[in-house]
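What follows is each chain in one-letter form.
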Amino acid sequence: MPKRVDHEERRDQIAEALIRVAGRRGLHAVGMRDVAAEAGVSLRLVQYYFETKEKLLFYGLQHLTDRFTARVAARLRAAGTDPGPRATIEALLLASLPTDEEGRTFHLVYTSYSILSVTDEALAAQPFIDEPDAAENALTGLLEQAQASGLADPGVAARTEAISLLAMTATMGTSILVGQRGPESAIAVLHHHLDRIFLTGGGVGEPGDRG
């Protein structure tokens, strides 16, 4: 009896191969043939599932986003059952820093998608991500929650701080990739800004959790 093929699993296998190749060579240099070789499947099979490189890129971006969501969730589980707003913000921001191989791959490939979407007409014609303001809205809500609970400075503008934290983390991630600074330095800068926003006791397990 022939083995039943799990098509979603096969798509994810190919998307993982795309991310691995892009992490080594950059997204702009990746072709469908490269992805097929990395996945250990035929080019024809990759084309069967995705038809065009653009469709493969779209699926790969969603797969990368799902991986990042799982990475954040793992950090939150490690922070305990009630981590509080500050620890939750740290989990989200630290997960995007290239402090390990997974983080390096995420930052490099996600940045590559951003750059490629500026010049690639097919990518530019599509929403870059389903909810481009999701992270900004999440951080804003957490900061407002902290302010309402007396855990954060009531005088700061929550949305402005959320935008600043995301932009700073993205920039520091790139500085780690190019060797301008080490992960410890970037994390220290992030904690410096969170210390400015949050009052003493900004969340369960803080400030001890600094990784």
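Since we're looking at a predicted model, the values are computed, not measured.

Draft legend 1. Inspection of the overall build of the protein chain at higher detail. Counting its secondary structure elements, the protein chain contains 10 helices and 0 strands. When the 211 residues of the protein chain are sorted by exposure, 40% land in the buried category. Taking the contacts inside the protein chain whose residues are at least 6 apart along the sequence as the reference set, 66% of them involve residues at least 24 apart. Total accessible area on the protein chain stands at roughly 11,300 Å², and carbon and sulfur atoms take up 55% of it.

Draft legend 2. Summary view of the nonpolar core. Core analysis: the biggest nonpolar cluster contains 28 residues, and Leu18, Val46, Leu56 and Tyr113 have the highest contact counts within it. Secondary-structure elements contributing two or more residues to this core are α1 (7-25), α2 (32-39), α3 (43-50), α4 (53-78) and α6 (101-119). Residue contacts for Val46: discarding those within four places in its chain leaves Ile14, Met32, Ala36, Val41, Glu51 and Leu56. One finds Val156, Leu165, Met172 and Leu190 within the second-largest nonpolar core, a separate group that totals 23 residues.

Draft legend 3. Broad picture of the packing of aromatic side chains. Under the counting rule described, the total for this entry stands at 4 aromatic pairs. Arranged with centres 5.0 Å apart and planes meeting at 80°, the rings of Tyr48 and Tyr49 form a pair that is edge-to-face. When the ring of Phe106 is compared with that of Tyr110, the centres are 5.4 Å apart and the planes differ by 20°; the resulting orientation is stacked. Placement of both Phe106 and Tyr110 in helix α6 is noted, with a separation of 4 residues, approximately one turn of the helix. Judged by its relative accessible area of 11%, Phe106 is buried. Within the aromatic cluster, the residues linked to one another by ring pairs are Phe68, Phe106 and Tyr110.

Draft legend 4. Just the environment of Leu92, in detail. Summarising the element assignment, Leu92 is placed in helix α5 (residues 84-95). A relative accessible area of 17% places Leu92 in the buried class. Linking Leu92 and Ala138, residues 46 residues apart in sequence, is a C-alpha distance of 9.6 Å. Look past the residues within four positions of Leu92 in its chain and what remains in contact with it is Phe68, Val72, Leu139 and Leu166.

Draft legend 5. Seen up close, the packing of helix α8 (residues 134-148) against helix α9 (residues 158-177). Between α8 and α9, the shortest axis-to-axis distance is 8 Å and the interhelical angle comes to 130°. The orientation of α8 with respect to α9, classified from their angle, is oblique. Handedness of the α8/α9 crossing: right-handed. Facing Ala135, Glu136, Asn137, Leu139, Thr140, Leu143, Glu144 and Gln147 of α8, the residues of α9 in contact are Ala158, Arg159, Glu161, Ala162, Ile163, Leu165 and Leu166.

Draft legend 6. Structural context of the pattern of salt bridges. Under the criterion given, the structure shown has 12 salt bridges. With a closest N to O distance of 2.8 Å, Arg20 and Glu38 form a salt bridge. Of the two residues, Arg20 sits in helix α1 while Glu38 sits in helix α2, which places them 18 residues apart along the sequence. Under the relative-accessibility criterion, Arg20 is labelled partly exposed at 37%. For Asp34, the salt bridge goes to Arg25, with nearest N and O atoms at 3.3 Å. Residue Asp34 is classed as partly exposed on the basis of its relative accessible area of 27%. By relative accessible area, Arg25 is classed as partly exposed at 44%. Through salt bridges with shared partners, a single ionic network connects Glu16, Arg67 and Glu102.

Draft legend 7. Inspection of α1 at higher detail. Here α1 is 19 residues long and its end C-alpha atoms lie 27 Å apart, about the 27 Å a rise of 1.5 Å per residue gives. Taken as a whole, α1 has its buried residues at Ile14, Ala15, Ala17, Leu18, Ile19, Val21, Ala22 and Gly23. A positive phi of about 90° marks Gly26, the residue just after α1.

Draft legend 8. Spatial organisation of the environment of Met168. Its place among the elements puts Met168 in helix α9. Judged by relative accessible area, which is 16%, Met168 ranks as buried. Each C-alpha atom, one on Met168 and one on Ala186, is 9.5 Å from the other, the two residues being 18 residues apart in sequence. Not counting the four nearest positions on each side in its chain, Met168 is found in contact with Val189, Leu190 and His193.

About the thresholds
- Residues numbered from 1 in each chain as written.
- Predicted model: local features only at pLDDT ≥ 70, side-chain atom pairs only at ≥ 80, totals over all residues.
- Heavy atoms only, no water.
- Helix = DSSP H or I, 4+ residues; strand = E, 2+ residues; numbered from the N terminus.
- Buried < 20%, exposed > 50% of the residue type's maximum accessible area, 1.4 Å probe, protein only.
- Contact = heavy atoms within 4.5 Å.
- Areas by Shrake-Rupley, 256 points an atom, 1.4 Å probe, with all protein chains shown as cover.
- Core = buried A, V, L, I, M, F, W, Y, C linked by side-chain atoms within 4.5 Å.
- Phe/Tyr/Trp six-rings, centres within 6.5 Å; stacked < 30°, edge-to-face > 60°.
- Axes fitted to C-alpha atoms, helices over the stretch in contact; angles between N-to-C directions.
- Parallel < 35°, antiparallel > 145°, perpendicular 65-115°, else oblique.
- Left-handed = near helix turned anticlockwise from the far one by under 90°.
- Salt bridge = Lys/Arg side-chain N within 4 Å of Asp/Glu carboxyl O.
- Expected span 1.5 Å × (residues − 1).

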